[in-house]
Amino acid sequence: MNDFSEEDAFEAAVPLSQRAMAQRPTPYLDSLNPAQREAVETLHGPVLMLAGAGTGKTKALTTRIAHLLSTGTARPHEILAVTFTNKAAREMKERIGALMGEAVEGMPWLGTFHSVCAKLLRRHAELVGLKSNFTILDSDDQVRLMKQLIEAAGIDAKRWPPRMLSGIIDNWKNKAWTPDKVPDADHAVFDHQGVALYSAYQQRLRDLNAVDFGDILLHMVTIFQKHPDVLDQYQRWFRFILVDEYQDTNIAQYLWLRLLASKDKNICCVGDDDQSIYGWRGAEVGNILRFEADFPGAHVVRLEENYRSTPHILAAASGVIATNKGRLGKTLFTSREDGEKVRLIGHWDGEEESRWVGEEIEAMQRGTRCMMPMGLDRMAILVRASHQMRAFEDRFLSIGLPYRVIGGPRFYERMEIRDAMAYFRLAVSHDDDLAFERIVNTPKRGLGEKAVQTIQRTARENGVSLVEGARLVCQGKLLGGKGLKELSILVDALDRWRGQVIAESDTHVELAEMILDESGYTGFWQNDKTPEAPGRLENLKELVKALENFENLQGFLEHVSLIMENDTEEQGEKVSIMTLHAAKGLEFPAVFLPGWEDGLFPSQRSMDESGVKGLEEERRLAYVGITRAEEICTISFAANRRVYGQWQSQLPSRFIDELPEEHVEVLTPPGLYGGNYGAAGMSSATIAGTTQSNLHQKAHSADVYDSPGWKRLQSRSQDRGQAAKPRAQSITIDLEAVSAFTVGDRVFHQKFGYGELIGIEGDKLVIEFDKAGSKHVMARFIVAADQADDIPF
DNA sequence: CCTCATATACTTTTT
DNA sequence: GTATATGAGG
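Residues numbered from 1 in each chain as written. Chains lettered and ligands numbered in written order. Predicted model: local features only at pLDDT ≥ 70, side-chain atom pairs only at ≥ 80, totals over all residues. Heavy atoms only, no water.

A closer look at the pattern of salt bridges
Oppositely charged side chains can pair when the atoms bearing their charge come close. Heads up, the rule is: The working definition used for a salt bridge is a side-chain nitrogen of Lys or Arg within 4 Å of a carboxyl oxygen of Asp or Glu. For the purposes of this entry, the term helix denotes a DSSP run of H or I that reaches at least four residues, the term strand denotes a run of E that reaches at least two, and both are numbered from the N terminus. Exposure categories follow from relative accessible area, calculated using a 1.4 Å probe and restricted to protein chains: below 20% of the type maximum is buried, above 50% is exposed, and the middle band is partly exposed.
By the definition in use, this model includes 38 salt bridges. The salt bridge partner of Asp274 is Arg327, with a shortest N-O separation of 2.7 Å. Here Asp274 is found in the loop between strand E7 (267-271) and helix H13 (285-289), whereas its partner Arg327 is found in the loop between helix H15 (311-321) and strand E9 (342-349), with 53 residues between them in sequence. Looking at Arg327, the relative accessible area reads 27%, which means it is partly exposed. Two residues, Asp495 and Arg471, come together in a salt bridge whose shortest N-O distance is 2.6 Å.

Regarding the pairing of strand E2 (residues 79-83)
The line we're drawing: Only strands joined by at least two bridges in the DSSP assignment are considered to pair.
Among the five residues that make up E2, five are buried, leaving the element largely enclosed by the rest of the structure. Burial along E2 is two-sided: the face carrying Ile79, Ala81 and Thr83 and the face carrying Leu80 and Val82 are both buried. Pairing between E2 and strand E6 (residues 240-243): four bridges, direction parallel. When the bridges of E6 are listed, Val82 appears paired with Val243. Inspection of the sheet shows E2 paired to strand E3 (residues 110-112) by three bridges, in the parallel sense. Note on E3: the bridge partner recorded for Thr83 is Thr112.

Focus: the protein's contact with DNA strand B
What counts, and what does not: Consider each residue's heavy atoms; a residue with any of them within 4 Å of a molecule or strand counts as near. Here a polar contact is taken to be a pair of N or O atoms separated by no more than 3.5 Å, where protein atoms must pair a possible hydrogen donor with a possible acceptor and residues adjacent in sequence count only if both atoms sit in side chains. Basically, the charged four are Asp, Glu, Lys and Arg, the nonpolar ten are Ala, Val, Leu, Ile, Met, Phe, Trp, Tyr, Cys and Pro, and anything else, Gly included, counts as polar.
Near DNA strand B lie 25 residues; those nearest to it are Phe84, Arg384, Ser386, Arg410 and Tyr644. Each atom of DNA strand B within 4 Å of the protein was assigned to sugar, phosphate or base; sugar and phosphate come to 55%. The separation between a phosphate oxygen of DNA strand B and a polar side-chain atom of Asn441 is 3.3 Å. Between DNA strand B and Gly448, the relevant distance is 2.9 Å, taken from a phosphate oxygen to a main-chain nitrogen or oxygen of the residue. Going through the elements one at a time, helix H20 (449-462) and helix H28 (604-626) are the ones with two or more residues in the surface near DNA strand B. Grouping the constituent residues of the surface near DNA strand B by class yields seven nonpolar, 10 polar and eight charged.

As for the packing of aromatic side chains
This is how it is decided: Pairs were defined over the aromatic rings of Phe, Tyr and Trp, the Trp ring being its six-membered one, requiring ring centres within 6.5 Å. Orientation was assigned from the angle between planes: stacked under 30 degrees, edge-to-face over 60, tilted for the rest.
Under the definition given, this model contains 21 aromatic pairs. Relative to Phe238, the ring of Tyr234 has its centre 5.9 Å away and its plane inclined at 25°; by these criteria the two rings are stacked. For Tyr234, a relative accessible area of 0% gives the class buried. Classification of Phe238 as buried rests on a relative accessible area of 2%. A ring pair is formed by Tyr423 and Trp497, whose centres lie 6.1 Å apart and whose planes are at 80°; its orientation type is edge-to-face. Taken together, the positions of Tyr423 in helix H18 (residues 415-428) and Trp497 in helix H22 (residues 481-503) put the pair 74 residues apart, joining distant regions of the chain.

Remarks on the packing of helix H4 (residues 57-70) against helix H5 (residues 86-100)
The description of two helices packed together rests on the angle between their axes and the distance between the axes. Selection criterion: Angular values range over 0 to 180 degrees, each being the angle between N-to-C directions of two axes fitted as lines to C-alpha atoms, with helices fitted over their stretch in contact. Relative orientations are named as follows: roughly parallel for angles under 35 degrees, roughly antiparallel for angles over 145 degrees, roughly perpendicular for angles from 65 to 115 degrees, and oblique for any other angle. The handedness criterion is simple: a crossing whose near helix is rotated anticlockwise from the far helix by less than a right angle is left-handed, and one whose near helix is rotated clockwise is right-handed. Any two residues whose heavy atoms approach within 4.5 Å are treated as being in contact.
Where H4 meets H5, the closest approach of the two axes is 9 Å, and the angle between their N-to-C directions is 50°. The angle between H4 and H5 places the two elements in the oblique class. The two elements H4 and H5 cross, and the hand of that crossing is right-handed. Judged by residue contacts, Thr58, Lys59, Leu61, Thr62, Thr63, Ile65, Ala66, Leu69 and Ser70 of H4 engage Glu91, Met92, Arg95, Ile96, Leu99 and Met100 from H5. A class-by-class count of the residues in the contact of H4 with H5 yields eight nonpolar, four polar and three charged.

Brief notes about the side chain of Arg536
Mapping Arg536 onto the fold places it in helix H25 (residues 533-547). Taking the relative accessible area as the measure of exposure, Arg536 reaches 16% and is therefore buried. Among residues more than four places away in sequence, those in contact with Arg536 are Met415, Glu416 and Trp525.

Some words on the sheet that holds strand E1 (residues 47-51)
In space, the six strands of this open sheet follow the order E3-E2-E6-E7-E1-E8, with parallel pairing throughout. Two strands close off the open sheet at either side, each with one partner strand: E3 and strand E8 (299-303). Put simply, the sheet's adjacent strands are angled 15° from each other on average, direction ignored. Bridge analysis of E6 against E7 gives three bridges, and the strand direction is parallel. Of the residues in E7, the one forming a bridge with Ile241 is Ile267. Of the strands in this sheet, E1 and E8 are in contact with helix H3 (residues 34-41), which crosses E8 at around 145°. Against the sheet, H5 makes contact with E2 and E3, and its axis sits at roughly 165° relative to E3, the strand it touches most.

A word on helix H16 (residues 350-366)
For the record, the criterion: The span one expects for a helix is its residue count, reduced by one, times 1.5 Å.
Compared with the 24 Å implied by 1.5 Å per residue over 17 residues, the 24 Å span of H16 between its first and last C-alpha is a close match. Within H16, burial applies to Gly350, Glu352, Glu353, Ser354, Trp356, Val357, Gly358, Glu360, Ile361, Ala363 and Met364. Taken from the residues just after H16, Gly367 is the one with a positive phi, measuring 90°.

Let's talk about unusual backbone geometry
Apart from glycine, the bulk of residues carry a negative phi angle, and the bulk of peptide bonds sit in the trans form. Cis geometry marks the peptide bond from Thr442 to Pro443, where omega comes out at 0°. Structurally, the position occupied by Pro443 is in the loop between helix H19 (433-439) and H20. Notably, Asp191 is not glycine yet its phi reads approximately 60°, a positive angle. Positionally, Asp191 belongs in the loop between helix H8 (162-174) and helix H9 (194-207). A residue is classified by how much of its surface remains accessible, and Asp191, at 38% relative accessible area, is partly exposed.

What about the pairing of strand E10 (residues 379-383)?
Of all five residues that make up E10, five are buried, and the element is covered over most of its length. Burial of E10 is two-sided: the residues Met379, Ile381 and Val383 facing one way and the residues Ala380 and Leu382 facing the other way are all buried. Relative to strand E13 (residues 588-593), E10 runs parallel, the two being bridged by three bridges. Residue pairing in the sheet places Ala380 in a bridge with Val591 of E13.

Okay, here's the thing in structure tokens:
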């Protein structure tokens, strides 16, 4: 290939690294610490940069690239730099630009694994039976295809859900297994049909000239493995390779990198094994652990000086992560000496937890909590699972606290956007069967399942695309009145739009608007009276606006599938709410980590599915969470939580036990008298292990005693001569309260619902609840079942 | 063919 | 509790 000859000559003639060094001054090196500097200046040979949280990883990485460029060691196009997110790629570009003073033209090969590989794959698509204009399917398309294949194979899609198959195949692809490489042990999955369906799926993708996300990597690995000449080109082309977040690479990515790097071995991988949190998605921590074996003589640099967090926060994070086995091991340190301890607080239930967090945020905002008022955008709530966000959203909505959810449903994954895109795709290419299927009956055209089947059959019989099939159906009048009319209107419209795409008679933005209009799609949402309809129309407007940044529809469609980003950065100071995963790479002065309860965090599912490995990944997630905090880190848990409609009592997370006591301050919930539960001297272990019932008491006093319902209950109990004295004399009362019940009684609890008393232990009643299972509950929370209806909770 | 009602299962995390 | 899938009725 001619592309390379020029570079090769250049390389041969000039010992670049020394000679070019003089070309530009290197002032940027001065702001680096010794470890960073070593990582930046070791330009040749394999380098593993172990960069703990907040140690200036991105700085080192971008400075390294700047150094490669300004010393003349490499030219921009000779550097392959891969990240996982578009955001990381963009940030790197910006920072390199800043370092180099705008002097560099963009780096063409700095991007995400997927965008770089897609670009390469388009050049060599024919080697895996594709055309270079292949489309990239998202998981939605993937699942729909899967469903068709499953049904075609005569398998009950109910018992064998397409989603599951899609997940299995994704995993195989992450391991770089083509259908023929799936090991025997995996053949039993999916009713022994998994591999056959995998083959069928791959064939179908090829027919559609499409790839899914996993394919982008998998095909590249296949090409490199089967075509040494192609590999050789790129080995010479990419003289320097840099990889961000190496701990998150899966096997396919690993193989791809190793193939590319095996010649010059100028590869620099940056990562932190302690922040590997994508194992469930196929990431292999092993890749980073194995680096030195893969690249003998590798230079290992540890970045351990943390510039982000206070010593207490660092120590707490270190304490938690220390429990994990098989780490490469780093010891974070900081020169800071100030700072608050990590704060720990328990609550009665999730509702109280969100209320407390809300109040705390407002206090910080006003400056009553800390010395200085803190802006809302400097605070974040990091949750384990997205459903935890709701409690906070509800609460913040009701108190009018501005918040922003990060990483919610992505813009390009929203239904209306995907529908609109399907129209665009069809306008550009009538061959896009998936797009056609998506929109035939959206908006409703009276074309139901039967009509679609007719179209599909016709298309298949004639060996044409669905659009052409539909045309034949219209011509042959194979369909009834209304459907037929609507279908021919649709086909005509598609023809017209495509004509305009080709003729370029309008700007693509105008065309897009016209398509949405004439298809009836805009009107469809205008007539929709559901509350989300206005938002969807708004999104469509945004989509059209986003089009303006592209040359034409084709260009837009090609880029969009890989740039799934939520660019709608609303203005204004808001608290951020996001998952721990979404928080990786971010930092905030104040961080709240709610829901630290066993089963929730660590997630039961992780532990069930992946055992110790899963638990360790959860622990790394905890580590990531804590290390997001710069100044104040607040961990909380609730004693009770509603999990899909059912109340469950929760145990504090085992990670709480792992927090080193001397770096933790246990808070007493507000509005409570001190009692024995004051913060002073109480260890995390105490909270975690033994004080749950105390928390019940405390929270109960705050929550329930003030409520009218409780007061009424109290007065009624008094009438009946039962326990109803002030709570300060709790033990006596509890024993009295217990005596009011007999085993076998039908009872009611405010949150657990109805149940049967099956035993009495001390001041607690053992109750088998109908819905919430068996629990030990203090007697004063319990009423006889026949009185339950009177309680106006 | 569409709309409405009921049943059901599902909840980690996502390039 | 929520979203989705199925069924009856219009």
